[in-house]
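Reading the structure
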Amino acid sequence: MSITAVDERMLAALCHEAGACAWGVAAAAPVSPDDRHIYEQWLQRGAHGPMAYMERYPELRSDPRTLLEGARSLIVCAFSYLQPHHSPYISDYALGSDYHGVVRERLERVAAAVRAAAGGETRVCVDSAPLRERYWAVRAGVGTVGLSGKLIVPGAGADVVLGEVLTTAELPTTPPLSVELCDGCGRCVEACPAGALDGRGGVDARKCLSCLTIEHRGDFPPGTQLHGRLVGCDVCSRVCPASSREAMSGAPVVVDEMLARPEVLALTPEEAATMSRGRFNSMFRRSAVMRLRLDGLRRNALHVLSERPGHLQP
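In this text the structure is predicted, and so the values were computed from the model without any measurement.

Cut-offs and rules
- Each chain carries its own residue numbering, running from 1 in the written order of its sequence.
- Selection of residues for local features in this predicted model requires a pLDDT of at least 70, selection of side-chain atom pairs for listing and counting requires 80 or more, and totals for whole chains, interfaces and linings are taken over all residues.
- The basis for every side-chain value is the complete set of non-hydrogen atoms in the structure, without hydrogens or water.
- Secondary structure is summarised from DSSP: a helix means a run of H or I of at least four residues, a strand means a run of E of at least two, and numbering begins at the N terminus for each.
- A radius of gyration in this sense is built from C-alpha atoms; the matching globule rule multiplies 2.2 Å by the number of residues raised to 0.38.
- To sort residues, take the accessible area from a 1.4 Å probe on protein chains only and compare it with the maximum for the residue type: under 20% means buried, over 50% means exposed, and anything in between is partly exposed.
- Residues scored as charged are limited to Lys and Arg (positive) and Asp and Glu (negative), so that His and the chain ends carry no count.
- Just so you know, the charge point we use is NZ for Lys, CZ for Arg, CG for Asp and CD for Glu.
- Counted as salt bridges are all cases of a side-chain nitrogen of Lys or Arg within 4 Å of a carboxyl oxygen of Asp or Glu.
- Any two residues whose heavy atoms approach within 4.5 Å are treated as being in contact.
- Only strands that DSSP links by at least two bridges are regarded as paired with each other.
- Each axis is a line fitted through C-alpha atoms, taken for helices only over the stretch in contact, and angles between the N-to-C directions span 0 to 180 degrees.

Each helix and strand in the chain was counted, giving 13 helices and six strands. Taken over C-alpha atoms, the radius of gyration comes to 20 Å for the chain, in line with the 20 Å a tight globule of 314 residues would show. Overall size of the chain, expressed as C-alpha extent along the three principal axes, is 70 × 40 × 40 Å. Taking all 314 residues of the chain together, 51% fall into the buried category. Side chains of the chain carry 34 positive and 36 negative charges; the gap between the two charge centres is 4 Å.

In structure tokens form, the structure reads like this:
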């Protein structure tokens, strides 16, 4: 493979055309021992909560080359999901079409162009493989991780999702950013409604409202508060200085498919609590909310309504 077959200018054009707000390339190699140790400690504390899949395939998580034989490079792309208007109940990322399918389709075009120019094999990953996405995003210079545990991207803030193209081609790498984008102000830690952030960049998924509202199955533990959230939570991003309009010099572009659907933006807990299956399937077709399922959405809505004054707590 020729390292010059796909140059930085070509990659920039491909990723921009795909709708990425930032991109970078890292050489495929084992994850650093220090980072593996931090991740293993997080699992040992049980901080991954109901996400048991985070424990699986440790050998694959430790080396992206196990996901594609002969992989030499990872193209990492960030896509903004920051909406011009927000729902008080649903995270911005869940207001439009499911980013998994949207990002995959767009990165498949990038992968095809890389194969055509450099040959070899590719594999697109969008939460579909045990890949340490934020780790590789940092290595590729796409952003840095803040106290919220989220990746912060220059000019785009923390409201991003990631996708990767593994390739057997040897591509020119992009260096990690030379500055940390999180200034350590601690606003995200203080503002987290559930107290899920430890102030050192760690997140306890057992408390995190994004995890509770989406990943948790069955009844909530006694005393659980959803703080009005139906699907996900954006509080840590909203208070982050790096996500302010001033820091971003205007809002990054959200790809069309991920723009908020008006009926989802207008959804209330009252409507969600009594929603029919037909209405659910129609409103959330090709949406990330499908992962929650109708029973989960109804459960969340009833819990949110019960938190209001005059209602008994579940």
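With that out of the way, let us pick up the side chain of Arg61. Structurally, Arg61 is set in helix H3 (residues 58-61). Of the side chains with opposite charge, Glu59 lies nearest to the buried Arg61, which makes no salt bridge, at 8.5 Å. Aside from chain neighbours lying at most four places away, what touches Arg61 is Val31, Tyr39, Tyr53, Met54, Arg56, Pro130 and Arg132.

Our next topic: the sheet that holds strand E1 (residues 22-27). Taken together, the four strands give an open sheet; going across it, the order is E1-E2-E6-E3, and neighbouring strands pair in antiparallel fashion. The open sheet has two free edges, formed respectively by E1 and strand E3 (122-125), since each of these has just one partner strand. Between one strand axis and the next, the sheet turns by 20° as a mean value, whatever way the strands run. Direction of pairing for E3 relative to strand E6 (residues 160-167): antiparallel, over a ladder of four bridges.

When the charged atoms of two side chains with opposite charge come close together, those side chains can pair. Scanning the entire structure with this criterion turns up 13 salt bridges. A salt bridge links Asp92 to Arg238; the nearest nitrogen and oxygen atoms lie 2.9 Å apart. With a gap of 146 residues between them, Asp92 in the loop between strand E2 (73-80) and helix H4 (99-118) and Arg238 in helix H8 (residues 235-239) connect regions that are remote in the sequence. What makes Asp92 buried here is its relative accessible area of 0%.

Extensive coverage of E1 is indicated by the burial of five of its six residues. Here E1 runs beside E2; their pairing, made up of six bridges, is antiparallel. Residue pairing in the sheet places Ala26 in a bridge with Leu74 of E2.

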